[in-house]
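# Structural description and commentary
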Amino acid sequence: MESAHGVIQHRSPTRILAVCVILIAVAAMTGLGFWQLDRMTQKERRLASIAQKHTGEPMSLTHALRAVTDPRDTQVQFNGTPDPARIMYLDNRVVEGQVGYDIVVPVRTDVGWVLVNYGWIKAGQRRAYLPEVILAGTSRTFAGVLSKPGQNPMVTETADTAQFPLRIQALDPEFLSTLLKMPLVPYVVVLTRDDPRFKRQWSPVVMPPEKHLGYAIQWFGLAIAAFIVGLLALRKKGSNHDTSA
């Protein structure tokens, strides 16, 4: 009896540790499931907001930036003068499985300098050479959608000097304001009108809400499976201890 009791006492901490690991795993998977549901709700609200903003005529850039509470996704039309001497190539943009660049240029407008995304072009055969882009520096009318660039912690900007044409890794108006030594509006205009030189596929929501729901179901399923497998393993281990005792 003393020997069996000693075995049980010796193995109890291991059993407690196993229970803690199972509960932590189940809690983490459940939390990820609810996080995906929250992301789904955010995307649904964003898409509803976009649909509402795109029902009317395009706004002037001045009105959109100064009168709209959240200018993101707002259709705008404005006159501006691009600076063709400061063309930037936003690196690692993939369209239809092909790697290329988004062409970004500062444009002088009534509200100051604004970064304009002209669209995507395919990269050349050799990375050392940027594909040539020629833009006129005359005043013209722009039509597009206001975008607020997000920060990706996995992407590190490597540009340290404003030597053009400039290859950049991230679209950060605040950083580029310092680099270019010009005050930039903290939004980017993504052009939407067709242009044979560029591919323009404005997509404010990369992952649709349905995918987030699918991921949430997967995480909840994994949590249930982990709980059941862990419970069965603990019961089997307990039965083995009882038999050995």
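Structural data are supplied above this passage.
Residues numbered from 1 in each chain as written. Predicted model: local features only at pLDDT ≥ 70, side-chain atom pairs only at ≥ 80, totals over all residues. Heavy atoms only, no water.

### A short note on the overall build of the protein
Rules: Helix and strand labels come from DSSP, where a helix needs a run of H or I of at least four residues and a strand needs a run of E of at least two; each type is numbered from the N terminus. Relative accessibility under 20% of the residue-type maximum defines a buried residue, over 50% an exposed one, and the middle range a partly exposed one, all with a 1.4 Å probe and only protein chains included. Note on contacts: a residue pair is in contact if any heavy atoms of the two residues lie within 4.5 Å. Accessible surface area values rest on a Shrake-Rupley calculation with a 1.4 Å probe, where residue burial reflects the displayed protein chains alone.
Within the protein one finds four helices and seven strands. The helix and strand sequence of the protein, counted from the amino end, reads α-α-β-β-β-β-β-β-α-β-α. The buried share of the protein, reckoned over its 245 residues, is 35%. Contacts in the protein between residues at least 24 apart in sequence constitute 65% of all its contacts with a sequence separation of at least 6. A total of about 15200 Å² of accessible surface is found on the protein, and carbon and sulfur atoms cover 57% of it.

### Some remarks on the pattern of salt bridges
The criterion, for reference: In what follows, salt bridge is the name for a side-chain nitrogen of Lys or Arg lying within 4 Å of a carboxyl oxygen of Asp or Glu.
The tally for this structure, following the rule as stated, stands at six salt bridges. The salt bridge partner of Arg86 is Asp83, with a shortest N-O separation of 3.5 Å. Here Arg127 and Asp91 are joined by a salt bridge, their closest N and O atoms 2.5 Å apart. With Arg127 in the loop between β4 (112–122) and β5 (140–147) and Asp91 in strand β2 (residues 88–95), the pair connects residues that are 36 residues apart, well separated along the chain. With a relative accessible area of 2%, Asp91 lands in the buried category. Here the residues in one salt-bridge network are Asp195, Arg197 and Arg200, joined through shared partners.

In short, shape yes, function no, at least from these values alone.
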